[in-house]
Amino acid sequence: MEKEDFLYPRSRYYGQVKPENLVFNANLQEFAQKVNLICNLETGGKITTIEAYEEIKALWKELKKSKNSLQIDQDSSEGDTGNT
């Protein structure tokens, strides 16, 4: 097993196979891996809670931008605002 595969495992995609879905899935997995790393850094005292929050917030905005540019699930975009 390669070091890269061990540190950054990729899971299979089981959804509807379309190029935009595959790209978004890869972006989503990368987001999850980065959030995990940031949480570990914060837990280990390497960065502050505020720094962790700001980093995750920036990653979330990047993921959301990716979703919008790929035009993923445009019909349910009302539920994506965070308002409940």
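Scroll up a little and you will see the structure.
Attention here is on the structure that accompanies the text. Here the residue numbers are simple positions, counted from 1 along each chain's written sequence. Under the rules for a predicted model, residues below a pLDDT of 70 receive no local features and side-chain atom pairs below 80 are neither given nor counted, while totals for whole chains, interfaces and linings still include all residues. Excluded from the side-chain calculation are hydrogens and water; included are all heavy atoms of the structure.

1. Some remarks on the overall build of the chain
Alright, step 1. Going along the chain from the N terminus, every DSSP run of H or I of four or more residues is numbered as a helix, and every run of E of two or more is numbered as a strand. Along its length, the chain carries three helices and zero strands.
Alright, step 2. Put simply, the chain runs from its N terminus to its C terminus through helices and strands in the order α-α-α.
Alright, step 3. Residue contacts are counted whenever heavy atoms from the two residues lie within 4.5 Å of one another. In the chain, the share of contacts with a sequence separation of at least 24, taken over all contacts with a separation of at least 6, comes to 46%.
Alright, step 4. Surface summary for the chain: the accessible area is close to 6900 Å², and the carbon and sulfur share equals 54%. In short, Shrake-Rupley with a 1.4 Å probe defines the accessible areas, and a residue's cover is counted only from the protein chains shown.

2. Looking at the side chain of Asn-25
Alright, step 1. Its place among the elements puts Asn-25 in helix H2 (residues 19-43).
Alright, step 2. Using a 1.4 Å probe on the protein chains alone, a residue whose accessible area is under 20% of its type maximum counts as buried, one over 50% counts as exposed, and one in between counts as partly exposed. Here Asn-25 falls in the buried class, since its relative accessible area comes to 18%.
Alright, step 3. For this analysis, a polar contact is any N or O atom pair within 3.5 Å, provided that within protein one partner can donate a hydrogen and the other can accept it, and provided that sequence-adjacent residues contribute only side-chain to side-chain pairs. Polar contacts involving the side chain of Asn-25 include one to the side chain of Gln-29, which spans 2.7 Å.

3. Digging into the packing of H2 against helix H3 (residues 49-70)
Alright, step 1. Put simply, H2 and H3 touch, their axes get as near as 10 Å, and they point 180° apart. When the axes of H2 and H3 are compared, the pair comes out roughly antiparallel. Of the residues in H3, those touching H2 at Glu-20, Val-23, Phe-24, Asn-27, Leu-28, Phe-31, Lys-34, Val-35, Ile-38, Cys-39 and Glu-42 are Thr-49, Ala-52, Glu-55, Ile-56, Leu-59, Trp-60, Leu-63, Ser-66, Lys-67 and Leu-70.
Alright, step 2. Classification convention: Asp, Glu, Lys, Arg as charged; Ala, Val, Leu, Ile, Met, Phe, Trp, Tyr, Cys, Pro as nonpolar; all other residues, Gly among them, as polar. Residues of the contact of H2 with H3, tallied by class, amount to 13 nonpolar, three polar and five charged. Geometry is summarised by axes, namely lines fitted to C-alpha atoms with helices restricted to the contacting stretch, and by angles between N-to-C directions that run from 0 to 180 degrees. Orientation labels follow simple angle bins: below 35 degrees gives roughly parallel, above 145 gives roughly antiparallel, 65 to 115 gives roughly perpendicular, and whatever is left gives oblique.

4. A look at the pattern of salt bridges
Alright, step 1. When a carboxyl oxygen of Asp or Glu lies within 4 Å of a side-chain nitrogen of Lys or Arg, that pair is called a salt bridge. Scanning the entire structure with this criterion turns up two salt bridges.
Alright, step 2. Two residues, Lys-18 and Glu-20, come together in a salt bridge whose shortest N-O distance is 3.6 Å.
Alright, step 3. Judged by relative accessible area, which is 31%, Lys-18 ranks as partly exposed.
Alright, step 4. When its relative accessible area of 25% is taken as the criterion, Glu-20 is described as partly exposed.
Alright, step 5. The residue Glu-30 makes a salt bridge to Lys-34 at a minimum N-O spacing of 3.0 Å. With a gap of four residues between them, Glu-30 and Lys-34 both fall in helix H2, about one helical turn apart.
Alright, step 6. When its relative accessible area of 33% is taken as the criterion, Glu-30 is described as partly exposed.

5. What to know about the environment of Cys-39
Alright, step 1. Structurally, Cys-39 is set in helix H2.
Alright, step 2. On the accessibility criterion, Cys-39 (33% relative accessible area) is partly exposed.
Alright, step 3. Distance from Cys-39 to Tyr-53, taken between C-alpha atoms, is 9.1 Å for residues 14 residues apart in sequence.

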